[in-house]
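Spelled out, the chains give:
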Amino acid sequence: MQTAAGTLHVVATPIGNLADLSPRALETLRAVAAVCAEDTRHTRQLLAHFGIEKPLLALHEHNEADVAEKLVARLAAGDSLALVSDAGTPLVSDPGYRLVRAAREAGIRVSPVPGPSAIIAALSVAGLPSDRFAFEGFLPAKAGARRERLVALAGEARTLVFYESSHRIGDTLADCVEAFGGDRPAVLARELTKLFETVLDGDLAALQARVEADPNQRKGEFVLLVQGAGEDADARIAEGRRVYALLAAELKPSVAAKLAAEITGAPRKALYGG
Ligand code: SAM
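Residues numbered from 1 in each chain as written. Predicted model: local features only at pLDDT ≥ 70, side-chain atom pairs only at ≥ 80, totals over all residues. Heavy atoms only, no water.

## What to know about the side chain of R190
Next up, step 1: With respect to the element layout, R190 can be found in strand β8 (residues 185–190).
Next up, step 2: Buried charge without a salt bridge: R190, with E191 as the nearest opposite-charge side chain at an N-O distance of 5.6 Å.
Next up, step 3: Looking at R190, its side chain comes within polar contact range of the main-chain oxygen of F196, at 3.4 Å.
Next up, step 4: The contact partners of R190, leaving out residues within four places of it in the chain, are F196, E197, T198, N216, Q217, K219, E221 and F222. (Helix = DSSP H or I, 4+ residues; strand = E, 2+ residues; numbered from the N terminus. Buried < 20%, exposed > 50% of the residue type's maximum accessible area, 1.4 Å probe, protein only. Lys, Arg positive; Asp, Glu negative; His and termini not counted. Salt bridge = Lys/Arg side-chain N within 4 Å of Asp/Glu carboxyl O. Polar contact = N/O pair within 3.5 Å; in protein donor to acceptor, adjacent residues only side chain to side chain. Contact = heavy atoms within 4.5 Å.)

Now the structure itself:
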C-alpha cells in the first residue's frame, strides 16, 4: 500500500510582535513532524515561547539546493513539514523557493499559512498609492550597483517598496534623492510592530534630513516606500535625456547632465550615472 504524501506548510511568523503568530500557524507548527527553519536557534526560541518542541531542520540560502531533495523525499514518504523563516513570510527576501519548487515538481501539496510580512505591513500604513506596487527587496550593497538600480527605476509609475538595514539606510536615502529628486513623496517604516515603531513621511529630502539628524532613526529594520513617478516626472526625465543627448555631443558628460537637469528639472542621476 502506498503511503499518502505529506504537506509542506509555508508558515508566516511575526516580524516583531509575537502576538502576531496566528492560531492556525500555532496549530500547524504543533501538528507537523518537523520544522524547516532559516536559523534553528532563532526558531527554537520562538517555538519555546509557545511551548512547542519540534525537530528543527536548517534550511538557509547556503544549503537549500542540497537539502531540498531530502526534504521532498521525506514529504513523499508521508511526513508533513512546516517551512518558516526568521521573520515574516518565507520566500519574501528569505529562503524557501527552491524547496517549494522542488516539492511542487514532485506533486507534493504546498499550502500557505499566511500572516505578517513587512512589505504589506508597511504598505498598509504608508498612505501611498497601493493598488499597484513594485517590491524591489534589498538594493545592491555596492554603491555603484545600487545607484544604477535606482536610476533604472526613476521612471517607474508604481509605488516602490525596498527593504533596508540600519547600516545602509542613510546612503540609500541619499542615493534615492539623487535618482528620484528630493521632492518625491516617500515613507520610511521602521521597527514595525515593535517597541520603537516609527512611520515617517514627507518627501525624500525631508526623510533624508530627519534620518541624518537623529541617530535613533537609523536603528532597527526598515521598509522604504517611494511614490512612483507621475506622468510629469516621466515627461521631465524623457525631456532631460533628450537635452542631455544634445549637450553631451559638445560638453563633458557631467557638465551636460548638470545643465540638462537644471534646464528640465529631471534628477541629474536619471540622466547620467557619474
Ligand atoms: N520575510 C520577511 C517578510 O516577510 O517581511 C522579510 C525578511 S528580510 C531578510 C528582512 C527585512 O525585512 C529587514 O531588513 C527589513 O527591511 C524588513 N523588516 C522585517 N521586519 C521588519 C519590521 N518589524 N519593521 C520594518 N521592516 C522590517
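## Structural notes on helix α6 (residues 143–152)
Next up, step 1: All of the buried residues in α6 are R146, L150 and V151. One side of α6 carries all its buried residues, which in axial view fall inside an arc of 130 degrees. Facing away from the buried surface of α6 by more than 90 degrees, the exposed residues are E148 and A152.
Next up, step 2: For α6, the elements touching its buried residues are β7 (159–165), α7 (169–180) and α9 (231–248). (Arc of directions from axis to C-beta.)

## Some thoughts on the domain arrangement of the protein chain
Next up, step 1: You can read the domains of the protein chain as domain 1 (7–116), domain 2 (119–226) and domain 3 (233–271).
Next up, step 2: For domain 1 and domain 3, the distance between their C-alpha centroids amounts to 49 Å. (Domains from an automatic or database assignment.)

## A short note on the site of the ligand
Next up, step 1: Around the ligand, the surrounding shell holds 19 residues, and the nearest of these are D94, S117, A118, Y163 and F222.
Next up, step 2: A distance of 3.1 Å is found between a nitrogen atom of the ligand and a backbone nitrogen or oxygen belonging to A87.
Next up, step 3: Contacts to the ligand include E221, whose side-chain N or O atom sits 3.2 Å from a nitrogen atom.
Next up, step 4: Protein chains shield 92% of the accessible area of the ligand, which is 570 Å² for the free molecule.
Next up, step 5: Those elements that provide at least two residues to the shell around the ligand are β7 and β10 (221–226).
Next up, step 6: For the shell around the ligand, the element with the highest residue contribution is β10, accounting for three residues. (Near = heavy atom within 4 Å. Areas by Shrake-Rupley, 256 points an atom, 1.4 Å probe, with all protein chains shown as cover.)

## Brief notes about empty space enclosed by the protein
Next up, step 1: Inspection of the entire model under this criterion finds one cavity of 30 Å³ or more.
Next up, step 2: In this structure, the largest cavity encloses a volume near 30 Å³.
Next up, step 3: In this structure, the largest cavity is lined by A37, E38, L59, L83, V84, S85, P90 and P95.
Next up, step 4: Residues that form the lining of the largest cavity fall into these classes: six nonpolar, one polar and one charged. (1 Å grid on protein atoms, 1.4 Å probe; cavity = no way out; pocket = protein on both sides within 12 Å on 5 of 7 lines; lining within 4 Å. Points joined across faces, edges and corners; volume = space filled by probe spheres on them. Nonpolar A, V, L, I, M, F, W, Y, C, P; charged D, E, K, R; others polar.)

## Observations concerning the nonpolar core
Next up, step 1: Core analysis: the largest hydrophobic core is formed by 33 residues, its most contacted members being F162, L173, F180, L188, L204 and V226.
Next up, step 2: Counting only elements with at least two residues in this core, the list comes to α6, β7, α7, β8, α8 (204–213), β10, α9 and α10 (253–264).
Next up, step 3: Ranked by the residues each element gives to this core, the list is headed by α7, at six residues.
Next up, step 4: For this core, the two domains that each supply at least three residues are domain 2 (119–226) and domain 3 (233–271).
Next up, step 5: Other than its neighbours up to four places away in sequence, F180 contacts L150, L153, A154, L160, L204, V226 and P267. (Core = buried A, V, L, I, M, F, W, Y, C linked by side-chain atoms within 4.5 Å.)

## Examining α9
Think of an α-helix as turning once every 3.6 residues; residues three or four places apart then point the same way.
Next up, step 1: Helix length check: α9, at 18 residues, gives a terminal C-alpha distance of 25 Å against a target of 26 Å (1.5 Å per residue), a fit within 8%.
Next up, step 2: Of the residues making up α9, those classed as buried are A233, I237, G240, V243 and Y244. Angular distribution of buried residues about the axis of α9 spans 135 degrees; they occupy a single face of the element. The exposed set on the far side of α9, more than 90 degrees from its buried face, consists of E231 and L246.
Next up, step 3: Buried residues belonging to α9 abut α10. (Expected span 1.5 Å × (residues − 1).)

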